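# Examination of the molecular architecture
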Amino acid sequence: MFLSPAVTTLKGVGPHLNKKLSKMGIRKVEDILFHFPIRYQDRTMLCPIGEAKFGRHVLVHGEILVSSLKLGRRSSLITIISDGTGRLTLRQFHYNRSQRRSLQRGMWLQCFGELRSGPSGPELVHPEYQIISGRGGVQLDATLTPIYPTTKGLGQKMWRKLTDEVLSKYDTQTRELLPESLVKVNNFLTIKESLQIIHRPPTETDIAALSNRTHPAQLRLAFEELLAHHLAMTRRRQLRDSQKAPEIPIGKNFWPKLEKRLDFTLTQAQSKTIQEIFSGLSQNSPSLRLVQGDVGCGKTIVAVAAALAAVEVGLQVAIMAPTEILAAQHFQTFSSWLKGFNLKTVWLTSKLGGKEKKEVYDFLVNGKAQIVIGTHALFQEDVQYKSLGLIIVDEQHRFGVEQRASLRDKGQSSNQVPHQIIMTATPIPRSLAMVVYADMDISIIDEMPPGRQTAETAVMPNARRVEVQKRVREACKSGQKAYWVCPLINESEALEVEAVVQRSKTLQKELPDVRVSSLHGKTGVGEKEEIMTTFRAGTIDLLVASTVIEVGVHVPEATLMVVENAERLGLLQLHQLRGRIGRSDQRSVCIFLYQNPLTTVARNRLVAIRELKDGFMVAKKDLELRGPGEILGTRQSGIPEFRIADLFRHSEVAKLVPDIADYLQTNNPQLVDEIIDRWLLPGEYSFTV
């Protein structure tokens, strides 16, 4: 095994440092090389003080003109230097006696830091500095300086020391895991060349390409990382295919009966997806299918079709939703559609009373309930199933892998495991899906039901709130329903609740002729149901809510939505919220209010949400702006964070992954484990599916 020695064999790595490195997933020498810089600093050129620009990191030198303490509310050590082209202030709020004594008039300093505008001109706050022999004593770096992701107590100097040692001692031992023919035909750099450039970029390196993460060295490493993920997912699929599952033939009774009773016609995309699901369920190995489609495309009826096929052959179905509101809505929808089928559908959440829970538990263990709909409560220890054959998970990225596995384990019996259908309204770009979901079959509902009008989108500053409230009043008085959404503040549920309650009181006061109610994460289960029922029935005109309504809430009569502080939300979250309206043939409008000043990223998001309507285009843009981790909920969804790969910037090399993965598994299977082990920690791919 190449580069397999423990990291403790490196100089200076004792028990204390080893513990810090271990927490970051660094246990052996090779891991140091695959811990990549997040950015670079240029200390290869000296910048004249007179030419230095604010907001940039600069390397300067100069003679000390004066160095003294400035006393006040917050004292600081002020040192003024000059190189003949200009003057610069060094400001240090944290200093010691040794520093005060060493910084004397007439001495020369070499300094590096971010240039800011201070009270008396340009200044560096807490710069890195060293005393030099004079004007000609500057020590320039030979390469760009890497900045590594780190943890408390582990500084950049230590990272550079560790990488220096590994690069110098172990350079010849870094094994190329891609066959030479693949490296050549794809014009890849070798692994050694790539690692050397990544960790110590020469002065002639294209800094713009490095910053954009499109340098050939980054492309080479990103490709191998994406390949490792794809191979791990394929291995997981092979493991699943070796297991057994109950065969569920295409339903000949329940589903055809319901389809005839529907008051709408399925879209071609829905029909195609249902047939793909039936095909998977009819196999004797466990199906794992991802059904993705935009908000409002009609995924619920697809889930019903699958559930009826399983129930028809005597199996139970569990449907897991991330929120009680969505679980309750699914329960109501299923119950309505399945009237007259002589099937028992039950609802289970953690907030049910003890007596109610016990009754549901009994129905599930004795098989009297064929369908159960609920939240995380479905896989708790006390829940047992008689014959669980199909699991349907809605909004899968909101559940951890362990949670889905726990529910799957509930259905293991007679050496069989249940089939799984995973539904998401977060469309995933193809380049991402083919790498991280290689273990799943994928169905796409890319067609909206006829007659639905796309919601119009307006983006306005908070200064126009009064105008917006007037619009809300007019809409409600004309018989329309409206949402007013208050986003989560600083990840604090308490503050979110306060924001919803305060906004509700303000709107009740300022819109006295509008019937206002509120809904948030702390609202009780029964109260949530009552509020949503009265909102649908028309007793409530305006519902002030947290983003708890983001997922799955279906009220076709709601035609207006106002989202305040929209700059705090991600692009896909804005799109999900907008999807709560525009669910009928009536004109709908979504207004996003924002607070100035906007960051560049926030401005780009708001421009995008105003211009883009299609969920797949929104997802593609969100991938560009934020990356796959945030879109998919990274660790929560079981997808490890990429070390260097970026599926937007590296989409071209991502397209090469499936074919090369097939080639390796056929022609070089001995390399597969090594590629996976190099890039993924065991816990990121070893669990069963």
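Here the residue index of a chain counts from 1 through its sequence in written order. Two thresholds apply to this predicted model, a pLDDT of at least 70 for residue-level local features and 80 or more for giving and counting side-chain atom pairs, whereas whole-chain, interface and lining totals are computed over all residues. Think of the side-chain values as coming from all heavy atoms in the structure, minus any hydrogens and water.

Turning next to the pattern of salt bridges. When a carboxyl oxygen of Asp or Glu is within 4 Å of a side-chain nitrogen of Lys or Arg, the pair counts as a salt bridge. On inspection of all chains with the given rule, the structure shows 26 salt bridges. For K184, the salt bridge identified is with E180, shortest N-O distance 3.1 Å. Here E180 and K184 lie together in helix α5 (residues 180–185), a separation of four residues that amounts to about one turn. Summarising the burial analysis for this pair, K184 and E180 share the class exposed. Its salt-bridge partner being R473, residue D513 comes within 2.4 Å of it at the nearest N-O pair. Of this pair, D513 sits in the loop between α17 (493–510) and β18 (516–519) while R473 is found in helix α16 (residues 465–477), placing the two residues 40 residues apart along the sequence. Exposure classes here rest on a 1.4 Å probe applied to the protein chains alone. A residue is buried below 20% of its type maximum, exposed above 50%, and partly exposed in between. Judged by its relative accessible area of 27%, D513 is partly exposed. Under the scheme used here, helices are H or I runs from DSSP no shorter than 4 residues and strands are E runs no shorter than 2 residues, and both carry numbers assigned from the N terminus.

A few words on the environment of L511. Along the chain, L511 falls in the loop between α17 and β18. When its relative accessible area of 3% is taken as the criterion, L511 is described as buried. Through-space distance from the C-alpha of L511 to that of R200 is 63 Å; in sequence the pair is 311 residues apart. Contacts are residue-level and defined by heavy atoms, with any inter-residue pair within 4.5 Å sufficient. When near neighbours in sequence (up to four residues on either side) are disregarded, L511 contacts Q469, V472, R473 and L542.

What follows concerns the nonpolar core. Ranked by size, the top nonpolar core spans 84 residues in total, and within it L227 and I675 carry the most contacts. Tallying contributions element by element places helix α8 (residues 216–241) first for this core, with ten residues. Either an automatic procedure or a domain database provided the assignment from which the domain bounds are taken. Lining this core are residues from two domains, each supplying at least three of them: domain 1 (7–40 + 148–205) and domain 3 (253–445). Setting aside anything within four residues of it in sequence, one finds I675 in contact with L177, L178, E224, L227, A228, L231 and L664. Grouping buried Ala, Val, Leu, Ile, Met, Phe, Trp, Tyr and Cys residues that are joined through side-chain atoms within 4.5 Å yields what is termed a nonpolar core. F278, A309, I373 and I392 belong to the second-largest nonpolar core, a separate cluster that totals 43 residues.

A few words on the sheet that holds strand β16 (residues 456–461). Pairing within the open sheet is parallel, and its six strands lie in the order β16-β21-β20-β17-β19-β18. Sheet topology places β16 and β18 at the edges, where each strand pairs with a single neighbour. If you compare each strand with its neighbour and ignore which way they point, the axes differ by 20° on average. Alignment of strand β17 (residues 481–485) against strand β20 (residues 558–563), held across five bridges, turns out to be parallel. Within β20, the position partnered with A482 by the bridge is L560. Most of the contacts of helix α20 (residues 600–611) go to β16, to which it runs at about 150°, and overall it touches β16 and β21 (589–594). For two strands to be treated as a pair, DSSP must find at least two bridges joining them. To define axes, lines are fitted to C-alpha atoms, for helices over the stretch in contact only, and angles between the resulting N-to-C directions are given on a 0 to 180 degree scale.

The next point concerns helix α11 (residues 299–312). Here the expected length of a helix is defined as 1.5 Å per residue gap, with one fewer gap than residues. Look at α11: 20 Å from first C-alpha to last across 14 residues, which is about the 20 Å you get at 1.5 Å a residue. Of all the 14 residues making up α11, twelve are buried; the element is thus mostly covered by neighbouring parts of the structure. Taken together, the buried positions of α11 are occupied by K299, I301, V302, A303, V304, A305, A306, A307, L308, A309, A310 and V311. Positive phi appears at G314, one or two residues downstream of α11, with a value of about 85°.

The next thing to look at is the domain arrangement of the protein chain. According to the domain assignment, the protein chain contains domain 1 (7–40 + 148–205), domain 2 (45–140), domain 3 (253–445) and domain 4 (456–612). Put simply, the middle of domain 2 and the middle of domain 4, counted by C-alpha atoms, are 51 Å apart.

Tracing the backbone through its elements, the reader meets H230 in helix α8. Given a relative accessible area of 7%, H230 falls into the buried group. If near-sequence neighbours (up to four positions away) are discounted, H230 is found in contact with M434, V435, A438, V657, P658 and A661.

What follows covers the packing of aromatic side chains. Pairing of aromatic side chains here covers Phe, Tyr and the six-membered ring of Trp, requires ring centres within 6.5 Å, and sorts the geometry by plane angle: under 30 degrees stacked, over 60 edge-to-face, intermediate tilted. Under the defined criterion, the tally for this structure stands at nine aromatic pairs. Site record: aromatic cluster; members linked through ring pairs are F34, F36 and W679. By definition, being over a ring means that NZ of Lys or CZ of Arg is both within 6 Å of the ring centre and within 35 degrees of the ring normal. Between K257 and the ring centre of F341, over which it is positioned, the NZ or CZ distance is 4.7 Å. The ring of F363 carries K344 above its face, with NZ or CZ at 4.7 Å from the centroid.

Side chains that are three or four residues apart share a direction in an α-helix, a result of its 3.6 residues per turn. Across its twelve residues, α20 extends 17 Å between first and last C-alpha, which sits within 8% of the 16 Å expected from 1.5 Å per residue. Within α20 the residues assigned to the buried category are A602, R605, L606, A608 and I609. Taken down its axis, α20 places every buried residue within 160° of arc, on the same side. More than 90 degrees from the buried face of α20, the exposed residues found are T600 and E611. Read the arc as the range of directions from the helix axis to the C-beta atoms.

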